[in-house]
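So the chains spell out like this:
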Amino acid sequence: MPSPRTPHLRRRDLLVGGLAGLAVTAAAAEGARSVWDAASGTPFPEPPRTGPVHLMIGAHPDDCLYFVNPRVARVVEDGADLCTVVLTAGEADGRNTWDTAAPVDYAGYAASRNNGLRRAYALMALGDADAPWDRSRATLGSGQDVELCVLRDRPGVHLVFCSLWTNLGRVTGDFTRLLALWEGRLDASAVLPPAGSPLGAGSTVDRATVRASLAELLDRYRPVAVNTLDLDPDPVAGERLGAEQTGYSDHIDHTAAALFAWEAALGTSATVESWRGYYNRRWPGNLGPADLDAKGAALDAYAWADGGDCGHAPGCGDRLIVGPGAGTTYGHATHPRYTQALVPVDTAAGIAPAAVRGGRAAVLRGGRGWDDLGGPVLFPSLAAAGTRLYGIGPELTEDPAAHVRDLYCLDRDTGEWANLGNPAGTGPAARTVGQPAAADDGTTAVACLRHPDGGLAVRTRTAHGWSDWAHLPGPAVHEAPAAVGAAGAFTIVAATPDNIAAWEGDGTAWTQRGLDLPGADGAPHIPAGAVTAEQVPDGRLLIASRAAGGSDVVLHLGQGTAWTGVRVPLEGGILAPTVALGPDGAIAVVCDDGSGAPAALVLDLDDLDGAAGELALLSRPWTRGDVTVLKRPAAAFGSDGSLRLWAVAADGELWTAQAGPGAPPPVGWESAA
């Protein structure tokens, strides 16, 4: 929910009433006096573009380390250029210590956090946390001055610090968070130059300037991928609230930064991804040792855990980080939101992937390009069932009550799009729907979203058209359910933090239960994130997920209360597994591993027929592809038993691999378009 409306923060209010009260330490007073000194830096330079650029837009210096890594570490290992834009100064209470009696130094603490981020990036890019950076004040075409940091020995790695003072209200008494700037309740945000920063002088920055600056940075860097935080965080659950906003499970600055970022990036050619924030601590850990090590090493560098001397009196890192490594709160998990970027569909030329490209649904045309399917601008996630595609069309607004997240359906037989709406209408509740799931038995179609009151919401299409939205009560679930259907019987499954929930019915009448699938040591299986599902020819359900607390893949086969399961060890990876069924009982399982490569495995249904109610260990070698993937790979078998794989790689393009009937999964990948 939005924070209570407060009076606009005016320039005169800041100058007369606010900044005069900031002389709490010599460093803070010096920073405050400089806020009104008009000065400009050199024009923002052209990026070197030594490789494909990945752009991160976050609120605070540690956001990419907590919520996006190990992805950052993997793509930099792959040779990508990086630019991370940090919108706020992240000054908190101005103390780089848990000692609340320590002197307040807002500019000093902001500098310490920036120092820590430079150290973390230098470690990931060069293996040396103390590698030098070149820092300068640069002026964007929007008129905004930013601090540009270029890693000297790898000049394709950039940091851009905007240093907006997000909580000046600590001293002025006004509400000044970044979300108030987005919603128009704050006219402008003051800039807090960190101690020792080449910014040296500040200004105020209004909403239009932030928007123009982000649009300009996207145009300058031309990124193949844009990462940001969660613009639609889940509702609060439990008692551990932290620095959350009223009603939502994430930090108020995270949400605002994501809204600014998505507004700028939605509809561009970049692959855009949101990453869960504080909600990770309400979900089981999903990182194996390799990913935890990569994530933890960067966080230790950011936290100044090695005690190295960077030559900056305020500090060489953020002493408030609770480690070591990734810690046990929200650092133990990394969850991208819009992972189902590719879905196989039948075309006249055979099976081809459909995707959202440039905000529009498209299907690959015979390896020669993409056919635009028309329709609205969509979030980058699709569901396919029968001859229909489903996606979420957003409208991002300053008014919290006017946000739109509607479900759209494309009938590929007619080429017509239909707006199926949202079970919650518009506003805050509409933002909880997550990604769509759908099933189609050839006669009846079911489309599914999360319901804001828990459980799911479905619309069912019969010969009479689409029904109204129906609420299927149940527990709060992961934002990516999975649905299957055949011969008038439908099943929808979704992960909860401690089980897998299932809804079973004919499209009109439904029952709900927890599956209690066999897990380790006789306990029910707990998934680490989203689940995927397929229905095998004999009517049983095949469910794939990652095991909580690690990265192993778990496959369950069964129906009713009779289930068997196998756990297949896999070192690393953060994406939910894809499963595809082939002729003669073949099963393809595809996800990512700890290096970011696509990992594939082909099994037989017989491999999953173990002892009922037990989880067996199935040790099989995974085939590792030779690309780094950004989204969950797609897989499909041809009628002859050949296996085709597709994935969005670190260069932002679609890559593919193929194996003949009965052959092991492919290693070599090639450009698909």
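Above this text you will find the structure in question.
Brief notes about the sheet that holds strand β34 (residues 598-604)
Within the open sheet, the 4 strands sit side by side as β32-β33-β34-β36. Their pairing is antiparallel. Both outer strands of the open sheet, β32 (578-581) and β36 (623-624), are each paired with one neighbouring strand and no more.

Some thoughts on the nonpolar core
If you look at the biggest cluster of nonpolar residues, it comprises 130 residues, and the most contacted ones within it are Phe44, Leu65, Val85, Leu117, Tyr121 and Tyr390. Top element by residues in this core is helix α9 (residues 252-265). It accounts for 9 residues. Apart from the residues lying within four places of it in its own chain, the contact partners of Leu117 are Pro61, Cys64, Leu65, Val86, Leu159, Phe161 and Tyr302. Counting 20 residues, the second-largest nonpolar core is a separate cluster that includes Ala544, Val579, Ile587 and Leu608.

Looking at the pattern of salt bridges
By the definition in use, this model includes 37 salt bridges. The shortest N-O distance in the salt bridge between Asp93 and Arg95 comes to 3.3 Å. For Asp93, a relative accessible area of 22% puts it in the partly exposed group. One salt bridge connects Arg276 with Asp234, and the closest N-O pair in it is separated by 3.4 Å. Remark: Asp234 occurs in the loop between β9 (225-229) and α9 and Arg276 occurs in the loop between β10 (271-275) and α10 (289-302); sequence separation between them is 42 residues. Pair check on accessibility: Arg276 and Asp234 agree, each one buried.

Observations concerning the pairing of strand β30 (residues 553-559)
Within β30, 6 of the 7 residues are buried, leaving the element largely enclosed by the surrounding structure. Pairing of strand β29 (residues 541-546) with β30, which is carried by 6 bridges, proceeds in the antiparallel orientation. Bridged to Ile543 within β30 is His556. The antiparallel pairing of β29 with β30 creates a hairpin that spans 6 residues between the two strands, and Gly549 there sits at a positive phi of about 85 degrees. As defined by bridge partners, β30 adjoins strand β31 (residues 562-568) across 7 bridges and the pair is classed as antiparallel. The residue bridging Gly558 from the neighbouring strand is Trp563, located in β31. Taking the residues between adjacent antiparallel strands as the criterion, β30 and β31 are bridged by 2 residues, where Gly560 takes a positive phi near 60 degrees.

With respect to the pairing of strand β25 (residues 489-496)
For β25, the tally of buried residues reaches 7 of 8 residues, placing the bulk of the element in the interior. Two elements, strand β24 (residues 482-486) and β25, share 5 bridges in a ladder whose sense is antiparallel. Counted as the bridge partner of Ala482 is Val493 from β25. Counting the residues between successive antiparallel strands, the hairpin from β24 to β25 contains 2 residues, one of them, Ala487, with a positive phi of roughly 55 degrees. Relative to strand β26 (residues 499-505), β25 runs antiparallel, the two sharing 7 bridges. Bridging across to β26, Ala495 finds its partner in Ile500. Hairpin connection of β25 to β26: 2 residues between the antiparallel strands.

Overview of the packing of aromatic side chains
For any pair of aromatic rings, geometry is given as the distance between the ring centres together with the angle between the planes. One pass over the full model with this rule turns up 13 aromatic pairs. In this structure an aromatic cluster arises from ring pairing among Tyr66, Phe67, Tyr278 and Tyr330. It is Arg207 that lies over the ring of Trp182; its NZ or CZ is 4.3 Å from the centre. One residue, Arg337, lies across the ring of Tyr338, its end atom 5.9 Å from the ring centre.

Looking at the packing of helix α8 (residues 207-221) against α9
Running from N to C, α8 and α9 point in directions that differ by 55 degrees, and their axes come no closer than 9 Å. Regarding the angle of α8 to α9, the classification is oblique. Viewed along their axes, α8 and α9 form a crossing whose handedness is right-handed. Side by side, α8 and α9 meet where Arg207, Val210, Arg211, Leu214, Ala215 and Leu218 of the first sit next to Phe260, Ala261, Glu263, Ala264 and Ala265 of the second.

Overview of the environment of Thr42
On the secondary structure map, Thr42 appears in strand β1 (residues 42-43). Separated by 103 residues in the primary sequence, Thr42 and Asp145 place their C-alpha atoms 9.1 Å from one another. Among all residues touching Thr42, those that are not within four sequence positions of it are Arg137, Ala138 and Thr139.

Parameters at a glance
- Residues numbered from 1 in each chain as written.
- Predicted model: local features only at pLDDT ≥ 70, side-chain atom pairs only at ≥ 80, totals over all residues.
- Heavy atoms only, no water.
- Pairing = 2+ DSSP bridges.
- Helix = DSSP H or I, 4+ residues; strand = E, 2+ residues; numbered from the N terminus.
- Core = buried A, V, L, I, M, F, W, Y, C linked by side-chain atoms within 4.5 Å.
- Buried < 20%, exposed > 50% of the residue type's maximum accessible area, 1.4 Å probe, protein only.
- Contact = heavy atoms within 4.5 Å.
- Salt bridge = Lys/Arg side-chain N within 4 Å of Asp/Glu carboxyl O.
- Phe/Tyr/Trp six-rings, centres within 6.5 Å; stacked < 30°, edge-to-face > 60°.
- Lys NZ or Arg CZ within 6 Å of the ring centre and 35° of its normal.
- Axes fitted to C-alpha atoms, helices over the stretch in contact; angles between N-to-C directions.
- Parallel < 35°, antiparallel > 145°, perpendicular 65-115°, else oblique.
- Left-handed = near helix turned anticlockwise from the far one by under 90°.

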